[in-house]
Amino acid sequence: MEGYENVPESFSSTSTTALTTEPLAAVSPRPQNRRPAKYYHPTDENGSSIFLTSSSDVYETTENVGTRKSSVFGYDVAPPISYDQDENAASLSVAAALAQSKDWNKEFQNLLEEPDSESKFTRLRHLGNDFVYVATAGAKIIISELHSERKTIPPVNIGGRAGGDKYVYRNILFKFAMDVELDENRGWMYGGFHPSHERAMKAAANELRGLMHYASLHLKELHFPMMVLIDYKGFRMIAQSVLPISKDTLRYGCSDGGETVHASLENLNQIMETVGKRLHLAPHEVNGRKIYGPGDQEVHLGTDGRFYCIDLARVFPCEAPPKPGLRPDLTLDPRAVFYNLLRPEFLLTYGSPLVSDAYSGWGKLDPRFKAHNTAVYEATQQLFRVVVPRFAKDLDDMDRAHIQPKESMWSMWKSIDLIATLHRSGLNVRHLGRVRSMVSSPRMKALLLNEVVARTLKNMIRAQLRSLMEKIRYLSSEQVRECVASVFTSILKATRHEASTPLVPESPPNIGHSPSRSSLRLSSSSSSAISMTSSSSDGIVQGGIFDQSFKDVMSVKFRDCLTAGEKQPSFDLASVIDVELIFLRLQEMLSITLSEDAQRELETPNFEFIYCDILSVNPKVRFMNILDEAEGMSLLMTALRNPQAKRSRLLKLAASKFEQAARTFPNNYTALFQWARAVYYQARLIEEISYQRSQLFSLLSDATIKLEGVLQLHEKHIDANRWLIKVLLHRVNAEASVPVIKQLSSAISRGLLLVSAEYTEFPSWTQRKLELIFAKYSRACQNEELLSNIASLFSSLHNSLLSAVERHEKLMASSNALEAAAAKATHTRLSWIQAKNLLVWGRCLTLLAELNSSLGGESNPPKSPTSLSNSGSSSSSNLKPWMQGVQKLNGKLMRFQAADRFSELLGIQDARVGELILDELHVIADLAENSYTLKCRLELVASSLSRFCFKRFLQSRRGNQAASSPDSPASVGLFTRIGPSMTNLAELDISSCSIRLSSVLDCLPHLTSIKSLHAANLQPPLDDSSVSVVSKLVNLTSLDVYGSSVSAESMSPLLKSIGTRLVRLNIGKTKLDMNFLLNLVQFCPNLQYLNMNHLFSDVNQIDRTERRSANWPSLMLPKTLKEIHLMDGLGVSNTLTDYLGSHVKGLEDLRLGAKKITDPGLIPLAAISPNLRILHFRGLNTSEAALKEILSNLGPQICDLSLVACMGLTDSALSSIPATSGPSIKILDLSACKSLLGHSLDTLVNEKGLTNLVELDVSFLGTCERPSLVNFISSQSSLTKLNINNSPTLDSDPVLSEIMTALELLEELSAESFEHLGAKTIAALARHCPSLISLNLSNCST
């Protein structure tokens, strides 16, 4: 447990006080003219994200911002960066501000456990960026002061020898990636007889890679620290978040060299077994314990209850060392097994799992040690004999197929994406030499040689910087730039064949240990020449650049990189160097930025670099790929909620982030899946906007390749398979081809097996799309091969589904009652899915049979399901060739089978079946014509239906096509078939339908059962025939004709016949005149509910009525009313409200909205206030006194109070609500009440007991005081619905976040038009409102 042996308690707690070490140097303010660092993020050789950061600017991840083209090579370079003299202090100042009171690990783990959302990924990106910046700032100071006695960040004693001293700054643990001396006999951990910090750096990269692969498994039970690798001034530093663990929390693995191995928790053992199997790792014994992965990995049970994995540098098996004597030209390095590991991409494609501890002392504890070693050796040999030659051949094929004859070396490198392609093939960078020895293409040989040269030069510069640090103690930024300028000049001189200064041997750098025998140093005699020597362990040249010693070092690190002729002294290595490629690769790998002047003059004959030409040598940071994924998800979700005009750029940015994550981690199927989605959405956008055919097909093909790649990595990825089907359907719809049809057939067959195993429904959109595509192509296409594949597609779909059903039928035979019940429920669901699918396939197969006949063939379908078994043996000579694969199936037969399946379903005594059949009721009724069993079952189900909504049928796929006109027979054909069976139908809803009411009711002979009729917004007018049929509804008690085309001439006779039984009547938004309304009491004397919203369109007629008789309301309002709605009615006047208050004493629900109401008309309503359960006022212009009179008389049964836009509602009026009414109010709407100042809200909470609200609307309250409003909302702990739209009083991120912390039951929130709603509010919602299902943030500027 490196670095955690003696962690103080404060280091593993949430407190950050003990971890903060303030800088000793004075901190100067940040310059105001600086621009944020938004540089391009290249990919390095180790498969991790690289971030270029300036010294004192906050790290960001927007790519290609502020870059400009080189005049020489045309590549992108970052703008110049100016450095302050006190850059270290400035960096720490910004870092301290970012990390103040941060518990990195707690925030990181909490975010990962949240459900996916745009907010989550945005906060995750921000957290990662902050961590990278703080870690980089701290690492720069620690590295720069490595040899200084007075340190800004002092070391801490927390145990562990690897890397020397440890440091803790701002809750981040730092340690160097440096070689460690084991003892006098065994030498150094990685270098053997000499220290090799380069190999230690490689081991650190392996640790990050192991952590990313563990994390990529997405096991919720396992957790990991945040980790970055920072390369700076030749050193590598590991920075990771401090975890809540100690030496006593270890539960799996070992931390004491094999003495005590932990594996006692059974659940953790099972988790680690899953990890091993997913990563293709075999188990082995370590000190008698069965372990997956390396023996020195550690899994801790943290004090927060989470399992944390650390020390994962040796997760993957090592590359087997060559057997002695096989290669006499090679020097054996026994320590290579600790850092030369096999790539995980190779392991996943290799035939059998391998042991992580092969060829190490950890593995010797296993009795099968030799067998494990043999397995790793055989895998290594397959890597060399199969994978390497195959990749070499791929490179040759790429050169012939894709590379232009005159294409530059740099352009070739980019188009091939050499290192990422190498890693995807399962090869390490060290195998570039082996690949080159097998490549035949001269240009590829040259490209690989230049890559090897660039990497050797990179190691030289790193070693040179370490040597200078040892010699000068403190290496300033200017000295670093001088060192780089010197090496670059030497490269230029060597390519021009100019003489350089001789090399002088020196002692090696040995940071923190006794001196060794070689080093790399900058010659003091010339600023333009370089003088280098080194031990072979770090692979640095003992001589000049590109001379024989340089070749020797290349050959050691990259075996077989040079041919026999190239190894000869006579061969001039500099003659094959491509200066452009070398300098660009060095800039990428070392984060070097050149000035524009240097780039322009680089090709001039006498140009030499000076330190001013090197603008910066920035830290190179490699972070977990989760940062790129988070940014990609955030961009993708933002793109999908934006309009088309803004979506294109965001989708491209999202795709680039997923591409970066996939390139740095080729096994990351999650990033690959999201990348495919982003590409598909780009294709959809092109199709909708411009329809560029070639670009559309290219993007769809690209998305297909990526989704197939996901399924290769994770074959049971259901979502990836569904998206593959979606993309292939899109491709087939655009242009059908045989290969795409075959891909689609394979994908759908696999998808059916997956969804049947998971008990989920195969997407209905797939069925509909297939049917449309088939109908489109089968009629017009003469390609018999294509038609044959279409036929076999439907055949395979049918067979796959039947196989799934058979598996579930076997489960139903289980003797265990509980298992049988569960199996039956699953079988019922799957049978329903199968029945729906059978309909689709049946219709398609019917089309096939018709098509065969129309093209000259014959199809003789069996007449009954029993002939299915015999139909395969009978063949017709007239069948078209493409029909041979489908002759066993037949469209009519499939419909028979569908009918049988629906019959089985309808026979199940389950109330849900009635709901299920509604969407397909029309089709089932059609099938029932030819199936007696289905007809009987359908009639039985129809008789049990108590409610039928015709609108739902019209919105379905079949209904929409059927009901195209009111008189269409198909519109009512369904009722013709099942209407006579609907003996218990009590409620019929035909609202918003283009159907004549009489056409539907004529099909229902049992009209006496109907008690409720909804006929709102009907387009056909209520004619005499409809009135006649409705009059037969003798038990009708509720009638709704809101917004329909009704007249007094049709409604009067109707209400005369059925009005005496009506209890509920809705005539709102109709054109009924005053003469009809004045006879309403006569028609409907027993009404309890009356809705007259938006009524009374003839103002003159109302005025005449009011002048003629002051008692006119008594002629239309029955005294039996309990609910009345009078919103926005022109006839609502003082006379009407006065009558309500005086005569309708039993009113419980009053909804009133009219500007004509004045105080004399409102005050009489106070007489009925005590009985009201619901009171809604809207837009009243009455005084404070009138409202106060009403509110003060409310009784204890009031539960719903709405006072929208009431000008007279002041704090005094609102405070008049009785204390007996406050606790009973559950719904309160005070929106747009501009006279409220807020102190009445305190009174309602403290004195009236109004704290039990479930719904609250305080939108558009612009004058209300903030403390009162915040306290009022926060006091409603039972609140589930809150509307605060356009409330500037609450427009503050801290205020909103404070409110959300108190509303744990909140389900719906609407907060439109807020300028300062930010991350704190969203975080509070995520943490404290787990039940939130609806969130409206429209027009928020955040």
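Residues numbered from 1 in each chain as written. Predicted model: local features only at pLDDT ≥ 70, side-chain atom pairs only at ≥ 80, totals over all residues. Heavy atoms only, no water.

Draft legend 1. Spotlight on the overall build of the chain. Along the backbone of the chain there are 47 helices and 36 strands. Of the contacts made within the chain by residues no fewer than 6 positions apart, 74% connect residues no fewer than 24 positions apart. Only carbon and sulfur atoms are counted for the fraction: they give 50% of the accessible area of the chain, which is about 53,600 Å². (Helix = DSSP H or I, 4+ residues; strand = E, 2+ residues; numbered from the N terminus. Contact = heavy atoms within 4.5 Å. Areas by Shrake-Rupley, 256 points an atom, 1.4 Å probe, with all protein chains shown as cover.)

Draft legend 2. Structural detail: helix α45 (residues 1266–1274). Taken residue by residue, α45 has Ser-1268, Leu-1269, Val-1270, Phe-1272 and Ile-1273 as its buried positions. For α45, the secondary structure elements touched by its buried residues are β32 (1227–1229), α44 (1239–1246), β33 (1255–1257), β34 (1281–1283) and α46 (1293–1300). (Buried < 20%, exposed > 50% of the residue type's maximum accessible area, 1.4 Å probe, protein only.)

Draft legend 3. Structural context of the environment of Lys-323. As for its position among the elements, Lys-323 is in the loop between β16 (307–310) and α6 (344–349). Classification of Lys-323 as partly exposed rests on a relative accessible area of 45%. C-alpha separation for the pair Lys-323 and Tyr-377, spaced 54 residues apart in sequence, amounts to 9.4 Å.

Draft legend 4. The arrangement of the environment of Ile-995 in detail. Take Ile-995: it is sitting in the loop between β23 (987–989) and α34 (997–1001). According to the relative accessible area criterion, Ile-995 is buried, its value standing at 0%. Distance from Ile-995 to Pro-1020, taken between C-alpha atoms, is 6.8 Å for residues 25 residues apart in sequence.

Draft legend 5. Representation of the nonpolar core within the structure. Within the largest apolar cluster, 188 residues are counted, with the highest numbers of intra-cluster contacts made by Phe-174, Leu-222, Val-435, Leu-457, Phe-488, Phe-546 and Phe-609. The residues touching Phe-609, leaving out its near neighbours within four places in the chain, are Ala-485, Phe-488, Thr-489, Leu-492, Phe-583, Leu-594, Ala-598, Leu-602 and Ile-614. In this structure, Val-1030, Val-1132, Val-1270 and Leu-1282 belong to the second largest nonpolar core, which totals 119 residues. (Core = buried A, V, L, I, M, F, W, Y, C linked by side-chain atoms within 4.5 Å.)

Draft legend 6. Here's a closer look at the packing of aromatic side chains. Scanning the model with the defined rule gives 16 aromatic pairs in all. On the basis of an interplanar angle of 80 degrees and a centroid distance of 5.2 Å, the ring pair of Phe-546 and Phe-550 is categorised as edge-to-face. Relative to Tyr-681, the ring of Tyr-680 has its centre 6.1 Å away and its plane inclined at 55 degrees; by these criteria the two rings are tilted. With a relative accessible area of 3%, Tyr-680 lands in the buried category. Within the aromatic cluster, the residues linked to one another by ring pairs are Phe-488, Phe-583, Phe-607 and Phe-609. Looking at Arg-434, its charged tip hangs above the ring of Phe-384, at a distance of 3.7 Å from the centre. The ring of Trp-675 is capped by Lys-706, whose NZ or CZ atom sits 4.0 Å from the centre of that ring. (Phe/Tyr/Trp six-rings, centres within 6.5 Å; stacked < 30°, edge-to-face > 60°. Lys NZ or Arg CZ within 6 Å of the ring centre and 35° of its normal.)

Draft legend 7. The sheet that holds strand β8 (residues 222–223), seen in detail. Spatially, five strands are ordered β8-β16-β15-β11-β12 in an open sheet, and the strand pairing comes out mixed. With partners counted over all chains shown, the strands left at the sheet margins are β8 and β12 (262–263), one partner each. As paired elements, strand β11 (residues 250–253) and β12 share two bridges and run antiparallel to each other. Residue pairing in the sheet places Gly-253 in a bridge with His-262 of β12. (Pairing = 2+ DSSP bridges.)

Draft legend 8. Inspection of the pairing of strand β9 (residues 227–232) at higher detail. Counting buried positions along β9 yields six of six residues, so the element is predominantly enclosed. The alternating pattern of β9 places Met-227, Leu-229 and Asp-231 on one face and Val-228, Ile-230 and Tyr-232 on the opposite face, and all of these are buried. Sheet topology note: the β9/strand β10 (residues 235–241) ladder contains six bridges and is antiparallel. Within the sheet, the bridge partner assigned to Met-227 lies in β10 and is Gln-240. Hairpin connection from β9 to β10: two residues lie between these consecutive antiparallel strands, with Lys-233 at a positive phi of about 55 degrees.

Draft legend 9. Spotlight on the pairing of strand β14 (residues 289–292). Bridge analysis of strand β13 (residues 283–286) against β14 gives four bridges, and the strand direction is antiparallel. Residue Glu-285 lies in a different strand from β14, and its bridge partner there is Lys-290.

Draft legend 10. Geometry of helix α8 (residues 409–416). Those residues of α8 that fall on the buried side of the exposure criterion are Met-409, Trp-410, Met-412, Trp-413 and Ile-416. Across the axial projection of α8, the buried residues extend over an arc of 160 degrees, all falling on one side. Residues of α8 that are buried make contact with α7 (369–401), α9 (418–424), α11 (442–472) and α15 (579–590). Looking one or two places after α8, you find Asp-417, whose phi comes out positive at around 55 degrees. (Arc of directions from axis to C-beta.)

Draft legend 11. Quick look at unusual backbone geometry. Backbone geometry at Asp-311 places phi at a positive 55 degrees, although glycine is not the residue there. Summarising the element assignment, Asp-311 is placed in the loop between β16 and α6. Judged by its relative accessible area of 18%, Asp-311 falls in the buried class. Of note in the backbone geometry, Asn-1017 takes a positive phi value of approximately 55 degrees without being a glycine. Overall, Asn-1017 belongs to the partly exposed group, its relative accessible area being 37%.

Draft legend 12. Seen up close, the confidence of the model for the chain. Averaged over every residue, the pLDDT of the chain is 74; the share at 70 or more is 68%. Below pLDDT 50 for its whole length, residues 501–537 participates in 114 contacts with residues either more than four positions away or in separate chains. Note that pLDDT drops below 50 for residues 955–970; the model gives that stretch 29 contacts with residues more than four away or on any other chain. (pLDDT = per-residue confidence, 0-100.)

Draft legend 13. View of the packing of helix α17 (residues 626–640) against helix α18 (residues 644–664). Axis separation between α17 and α18 bottoms out at 8 Å; the angle between their running directions is 160 degrees. In terms of axis orientation, α17 runs roughly antiparallel to α18. Here the hand of the crossing between α17 and α18 comes out left-handed. For the pair α17 and α18, contact is made by Asp-628, Glu-629, Glu-631, Gly-632, Met-633, Leu-635, Leu-636, Thr-638, Ala-639 and Leu-640 and by Arg-647, Leu-650, Leu-651, Leu-653, Ala-654, Lys-657, Phe-658, Gln-660 and Ala-661, respectively. For the contact of α17 with α18, a count of residues per class yields 11 nonpolar, three polar and five charged. (Axes fitted to C-alpha atoms, helices over the stretch in contact; angles between N-to-C directions. Parallel < 35°, antiparallel > 145°, perpendicular 65-115°, else oblique. Left-handed = near helix turned anticlockwise from the far one by under 90°. Nonpolar A, V, L, I, M, F, W, Y, C, P; charged D, E, K, R; others polar.)

Draft legend 14. The pattern of salt bridges, seen in detail. Overall, the coordinates contain 32 salt bridges when judged by the stated rule. As a salt-bridge pair, Glu-114 and Arg-123 come within 2.5 Å of each other at their nearest N and O atoms. Comparing Glu-114 with Arg-123, the two get one shared label, buried. Between Arg-436 and Glu-566 there is a salt bridge whose closest N-O contact spans 2.8 Å. (Salt bridge = Lys/Arg side-chain N within 4 Å of Asp/Glu carboxyl O.)

Draft legend 15. The arrangement of the side chain of Ser-616 in detail. For Ser-616, the position within the fold is in strand β20 (residues 614–617). By relative accessible area, Ser-616 is classed as buried at 1%.

Draft legend 16. Just the packing of α45 against α46, in detail. The geometry of α45 relative to α46 is characterised by a closest axis approach of 9 Å and an angle of 25 degrees between their N-to-C directions. Viewed along their axes, α45 and α46 adopt a mutual orientation that is roughly parallel. Taken as a pair, α45 and α46 cross one another with a handedness that is right-handed. In this structure, α45 contributes Arg-1266, Val-1270, Ile-1273 and Ser-1274 to the contact, and α46 contributes Val-1295, Glu-1298 and Ile-1299.

Draft legend 17. Spotlight on the environment of Arg-123. Its place among the elements puts Arg-123 in helix α3 (residues 118–144). The exposure class of Arg-123 is buried, given its relative accessible area of 12%. Spatially, the C-alpha atoms of Arg-123 and Ala-1323 are 8.6 Å apart, while their sequence positions differ by 1200 residues. Residues within four places of Arg-123 in sequence aside, it is in contact with Leu-111, Glu-114, Ile-1322, Ala-1323 and Ala-1326.

Draft legend 18. Spotlight on the side chain of Lys-551. Summarising the element assignment, Lys-551 is placed in helix α13 (residues 548–557). Other than its neighbours up to four places away in sequence, Lys-551 contacts Leu-562, Glu-566, Lys-567, Gln-568, Pro-569, Phe-571 and Leu-573.

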